[in-house]
Amino acid sequence: MTTAETAKALTIAGSDSGGGAGIQADLKTFQELGVYGMSVLTAATAQNTLGVQGVFPLTAEAVARQLDSIGEDLTPDAVKTGMLFSADIIEATADRIAHYGWRNLVIDPVMVAKGGAPLLKADAAVTLIRDLLPLAMIITPNLPEAEMLTGTKLFKAEDIREAARRIHAMGPDMVIMKGGHAGGDLARDLLYDGTEFTVFESPRIHTMATHGTGCTYSAAITAGLAKGLTTTEAVRVAKDFIQAAIEDSLDIGSGHGPTNHFAYRRRRSQNGGELK
Ligand SMILES: Nc1ncnc2c1ncn2[C@@H]1O[C@H](COP(=O)(O)OP(=O)(O)O)[C@@H](O)[C@H]1O
Ligand SMILES: Cc1ncc(COP(=O)(O)OP(=O)(O)O)c(N)n1
């Protein structure tokens, strides 16, 4: 019997009982991309394709203890954060990430679910910026999150670039401004590394099945970093992964359905392609 060296990724996020977003989306994505997934739960949400019916946060102590259990035994090759909910959970998370020196940190600054339910307390954004952003390799805001982080409305392409520069100045090595919420025929994401902008774009798919796109996309980036890809390579794979997941939609639930996490792998195996 042989034992292969396995890339390991950790998600620190909330549970989505409906399985389309949060911890569930992250672990499915890690698995599909050939990465061993670990999870630290911050909150349980009662959620389905119709919306969020309840939010039940864990204590900061429970989050810190889970992080210590990982840190005392397992070293993740990459880490992502999703729904962190409160300032004290963010403080505990930043403290343990810094303590263990975990690298390749991807921050999905989850603030509000698609249906409008708050997933981050109003007073916690300032803690996210102060404690977590300086530790990040990459942050992945959607447009409403970028508006919240910068306190500006983003109307034009130049506004989005300026917001990327301002978020970059808050500490992360790179910023990817996601274009899911913008109009137009293309879903255009903009990666900023402090010097250059790189565009990743794909045809916009007209569908209701976009629940969990942001979680899935940031988890795919995290999986790529865990496997040693460069950020640009990891974003390219993640863009292909989310495009396939939205295109091959699943008919699940009567609201905003989940994306199809196994579409990317199925397509690649049908095409004889190797998994990156
Ligand atoms: N309708 C769509 N068609 C194609 N790509 C999409 C669509 N909606 C979102 N995306 C892509 O999904 C990823 C997540 O973006 P977004 O939906 O903005 O995040 P969030 O779920 O955090 O709001 C991005 O790569 C974005 O371009
Ligand atoms: C538990 C939990 N975490 C995060 C989200 C938000 O996920 P996202 O990928 O942004 O998808 P939508 O909520 O926009 O569909 C969530 N809903 N639940």
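Just so it is clear, the structure is predicted and the values come from calculations on it, not from any experiment.

Requested: an account of the UniProt feature "domain: Pyridoxamine kinase/Phosphomethylpyrimidine kinase" (unreviewed entry) in the chain, with residues and values cited.
Residues annotated by UniProt as "domain: Pyridoxamine kinase/Phosphomethylpyrimidine kinase" (unreviewed entry) correspond here to residues 16–260. Between the end C-alpha atoms of residues 16–260 there is a gap of 15 Å, over a span that is 39% helix and 20% strand.

How would you summarise the environment of N142 if you had to cite specific residues and measurements?
Assignment of secondary structure puts N142 in the loop between strand 6 (138–139) and helix 5 (143–150). Once residues within four sequence positions are removed from consideration, N142 is found in contact with K178 and H181. Among the polar contacts made by the side chain of N142, one reaches the main-chain amide nitrogen of E145 at a distance of 2.9 Å.

Tell me what's going on with the site of ligand 2, and back it up with residues and numbers.
Lining the immediate surroundings of ligand 2 are 17 residues, of which Q47, K114, H211, G214 and C215 lie closest. In this structure, an oxygen atom belonging to ligand 2 sits 2.9 Å away from a side-chain N or O atom of H211. Coverage of ligand 2 by the protein chains reaches 96% of its 430 Å² of free accessible surface. The greatest single-element share of the shell around ligand 2, amounting to three residues, is contributed by helix 7 (residues 213–226). Considering only residue class, the shell around ligand 2 consists of six nonpolar, 10 polar and one charged.

Lay out the pattern of salt bridges in plain terms, naming residues and giving numbers.
In total, this model carries 16 salt bridges according to the counting rule given. As a salt-bridge pair, K156 and D159 come within 3.6 Å of each other at their nearest N and O atoms. Among the salt bridges present, the one from E162 reaches R165, with a minimum N-O distance of 3.0 Å. With a gap of three residues between them, E162 and R165 both fall in helix 6 (residues 157–168), about one helical turn apart. By relative accessible area, R165 is classed as partly exposed at 30%.

Thresholds, definitions, all that
Residues numbered from 1 in each chain as written. Chains lettered and ligands numbered in written order. Predicted model: local features only at pLDDT ≥ 70, side-chain atom pairs only at ≥ 80, totals over all residues. Heavy atoms only, no water. UniProt positions renumbered as here; feature names shortened; annotations may be inferred. Helix = DSSP H or I, 4+ residues; strand = E, 2+ residues; numbered from the N terminus. Contact = heavy atoms within 4.5 Å. Polar contact = N/O pair within 3.5 Å; in protein donor to acceptor, adjacent residues only side chain to side chain. Near = heavy atom within 4 Å. Areas by Shrake-Rupley, 256 points an atom, 1.4 Å probe, with all protein chains shown as cover. Nonpolar A, V, L, I, M, F, W, Y, C, P; charged D, E, K, R; others polar. Salt bridge = Lys/Arg side-chain N within 4 Å of Asp/Glu carboxyl O. Buried < 20%, exposed > 50% of the residue type's maximum accessible area, 1.4 Å probe, protein only.

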